[in-house]
Each structure stands twice: as structure tokens, then as C-alpha cells.
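Read off the chains here:
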Amino acid sequence: MLTPVHVRMARAALKWSFVDLEKRTGVSKNTLVRFEAGRGIHHSTAIKIEETLIREGILFSDERDPRG
């Protein structure tokens, strides 16, 4: 499940601003800021963000998976 920390770290790795992520996902900057601040967003919006980041080469691991 995508978390605010995942998005912050992915944006940092990609050197993207909120505006960059907004352009690539179609999710408003206000929603992105709200999510990174720890406030909720719709599940479908989180999926859209996660899919965009994966397309850009970000890999997410399941912290519960012993392989990392």
C-alpha cells in the first residue's frame, strides 16, 4: 500500500516537484500535498500515483516480505 513516505522518497529520487508529479498523474497538487502530509486520499488516486511512479522506474517493496 502506498504511503506518504513512499511518495516523498520517490519524488526525491526522481527530483520531481509537486507540479511535476501533478503533470504526470493528473492528480491535483493540493491532493498530493494533502497526501504527503498524512491525510487520506481515495484508493483509486493512490493507485494512479503508484502506477505513475512505477512507470518512471520506482520500485516498491513490501516491508513485510523477508526479502525486502
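All values reported here derive from a predicted model rather than from experimental measurement.

**Some remarks on the overall build of the protein**
Check the secondary structure of the protein and you find four helices and zero strands. Each helix (α) and strand (β) of the protein, taken in turn from the N terminus, gives the series α-α-α-α. Counting across all 68 residues of the protein, residues that qualify as buried make up 26%. By sequence separation, contacts in the protein at least 24 residues apart represent 50% of the contacts at least 6 residues apart. If you sum the accessible surface of the protein, you get close to 4800 Å²; carbon and sulfur atoms cover 52% of it.

**Thoughts on helix α2 (residues 18-25)**
Of the residues flanking the start of α2, the one acting as N-cap is Ser17, its side-chain oxygen 3.2 Å from the backbone nitrogen of Val19. Of the residues one or two after α2, Gly26 is the one with positive phi, at around 80°.

**A word on the packing of α2 against helix α3 (residues 29-36)**
The geometry of α2 relative to α3 is characterised by a closest axis approach of 9 Å and an angle of 115° between their N-to-C directions. Considering the relative orientation of α2 and α3, their crossing is right-handed. Counting all contacts with α2, which are made through Phe18, Val19, Leu21 and Glu22, the residues of α3 involved are Lys29, Leu32, Val33 and Glu36.

**What to know about the nonpolar core**
Counting residues in hydrophobic clusters, the biggest one holds 12 residues: Leu2, Val7, Ala10, Trp16, Leu21, Val27, Leu32, Phe35, Ala46, Ile49, Leu53 and Ile58. Among the secondary structure elements, those contributing two or more residues to this core are α1 (4-14), α3 and α4 (43-55). In terms of residues, this core owes the most to one element, α4, which gives three residues. When residues no more than four places from it in sequence are discounted, the contact partners of Ile58 are Ala10, Ala13, Leu14 and Leu53.

**Quick notes on the side chain of Thr52**
Along the chain, Thr52 turns up in helix α4. Look at Thr52 and you get buried, because its relative accessible area is 3%. Only 3.2 Å separates the side chain of Thr52 from the side chain of Arg55, close enough to count as a polar contact. Not counting chain neighbours up to four residues away, the residues in contact with Thr52 comprise Trp16, Arg24 and Thr25.

What counts and how
- Residues numbered from 1 in each chain as written.
- Predicted model: local features only at pLDDT ≥ 70, side-chain atom pairs only at ≥ 80, totals over all residues.
- Heavy atoms only, no water.
- Helix = DSSP H or I, 4+ residues; strand = E, 2+ residues; numbered from the N terminus.
- Buried < 20%, exposed > 50% of the residue type's maximum accessible area, 1.4 Å probe, protein only.
- Contact = heavy atoms within 4.5 Å.
- Areas by Shrake-Rupley, 256 points an atom, 1.4 Å probe, with all protein chains shown as cover.
- Polar contact = N/O pair within 3.5 Å; in protein donor to acceptor, adjacent residues only side chain to side chain.
- Axes fitted to C-alpha atoms, helices over the stretch in contact; angles between N-to-C directions.
- Left-handed = near helix turned anticlockwise from the far one by under 90°.
- Core = buried A, V, L, I, M, F, W, Y, C linked by side-chain atoms within 4.5 Å.

Spatial relationships are all this shows, so hold off on functional conclusions.
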